[in-house]
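Chain by chain, the residues:
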Amino acid sequence: MSTAKKVCLDAGHDASNLYNKSPDGTYYEHEFALDMAKRMQTILVRHGVTVTLTRSGGEAVRLDERVAIANAISDLSLFVSLHSNAAGGSGWSSARGWSIYTSSADDAAQRNLAANDIIASVQAAGVVTRNPALLHERFYVLRKTVAPAVLIEQGFHTNEEDVALLKASAYRDLLATAQCKGILSYLGIPWKEEPAPVSPNTPSPWAAEAWQKAVSLGILDGSDPQGPCTREMLAVVLDRLGLAELGDRHPSSLSGGQKQRLSIACGLASRRSVLI
């Protein structure tokens, strides 16, 4: 039986909802919620979590359908509904800040343990939160979902400061990372930093030695190690087949065994699925 943790991310509303937006019309909650769900999905999957989205596009999904999706997942670890908040009235408001909801109070309940782990991570990231950050309401998705369930209001789309943040990709990344760190803490999964991208001018660790050997022998000029075929792959192929030192030799001067290995090297460098 699989031991992978399972999380259901519920992007609030849908593309037909044009009411939940900023007063100036530059921000829509349905777009933000889906984008945040996908950012969080990427992070959680990288940590081995199985993630289900209640919607993957702008399609309409009723509240009972969202709950049905979650309740159909065997051994669901956590349900997270993603939203932004709104104050009353039609214009901008001074109310701002991040908050999280569960269906009811009880410090020992799993839903509140999860909420408090998420709060701690979000506050550690410097996100402005409401006071208190944990609130309780009998929202449909919270009271009908069997698994521990939380609903996150990630700021007010009726507050100019919050909207400026919610529209910024860098802030969305910060928020997604902080919320996922809290979720992972609740699930008992250690946080792993995303590997830094390898510079196109730096060979991958597995190819570094062979690449340097090919460069020192003058077979390659040292530039663009990750270019197609890739060149670092070619360096490894030549080295492992014992051909790196023969770069200045004409194929006709090679021995029979060397020619065979050269043919194999050409085939490997071509990256064909079948060699005959």
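Residues numbered from 1 in each chain as written. Predicted model: local features only at pLDDT ≥ 70, side-chain atom pairs only at ≥ 80, totals over all residues. Heavy atoms only, no water.

Enquirer: Even after reading the chapter, I still don't get the side chain of Asn85, so can you show me in this structure?
Expert: Positionally, Asn85 belongs in strand S3 (residues 78-85). The exposure class of Asn85 is buried, given its relative accessible area of 11%. Non-local contacts of Asn85, meaning those with residues more than four positions away in its chain, are made with Ser99, Tyr101, Arg130, Glu153, Gly155, Phe156, His157 and Thr158. (Helix = DSSP H or I, 4+ residues; strand = E, 2+ residues; numbered from the N terminus. Buried < 20%, exposed > 50% of the residue type's maximum accessible area, 1.4 Å probe, protein only. Contact = heavy atoms within 4.5 Å.)

Enquirer: What should I look at first to understand the packing of helix H7 (residues 208-216) against helix H8 (residues 231-240) in this one?
Expert: Helices that pack against each other are described as a pair by the angle of their axes relative to one another and the distance between those axes. Closest axis-to-axis distance for the H7/H8 pair is 8 Å, and the angle between their directions is 85°. Considered as vectors, H7 and H8 are oriented roughly perpendicular to each other. Two secondary-structure elements touch here, H7 through Ala210, Trp211, Lys213 and Ala214 and H8 through Arg231, Glu232, Ala235, Val236 and Asp239. Classifying every residue of the contact of H7 with H8 by side-chain character gives five nonpolar, no polar and four charged. (Axes fitted to C-alpha atoms, helices over the stretch in contact; angles between N-to-C directions. Parallel < 35°, antiparallel > 145°, perpendicular 65-115°, else oblique. Nonpolar A, V, L, I, M, F, W, Y, C, P; charged D, E, K, R; others polar.)

Enquirer: I'm lost on helix H3 (residues 110-124) in this one. Help?
Expert: What sets the pattern is the α-helix's 3.6 residues per turn: residues three or four places apart point alike. In a regular helix each residue adds 1.5 Å, so 15 residues correspond to 21 Å; H3 covers 21 Å between its end C-alpha atoms and thus fits that length. Of all the residues in H3, the buried ones are Arg111, Asn112, Ala114, Ala115, Ile118, Ile119, Ser121 and Val122. The secondary structure elements touched by the buried residues of H3 are S3, strand S4 (98-102), strand S5 (129-136), strand S6 (149-156) and helix H6 (169-187). After H3 finishes, the residue Gly126 shows a positive phi value of roughly 90°. (Expected span 1.5 Å × (residues − 1).)

Enquirer: For this particular structure, what's the right way to read the sheet that holds S4?
Expert: Hydrogen bonds between backbone groups are what pair the strands of a sheet, and the pairing can be parallel or antiparallel. Strands sit in the order S2-S1-S3-S6-S4-S5 across an open sheet of six strands; the sheet is mixed. Sheet topology places strand S2 (50-53) and S5 at the edges, where each strand pairs with a single neighbour. Each adjacent strand pair in this sheet contributes to an overall mean axis angle of 20°, direction not counted. Here S4 pairs with S6 via three bridges, running antiparallel. Paired with Ser99 across the strands is Glu153, a residue of S6. Sheet contacts for H6: strand S1 (6-11), S3, S4 and S6; angle to S3, the most-contacted strand, approximately 155°. (Pairing = 2+ DSSP bridges.)

Just geometry here; none of it tells us what the structure is for.
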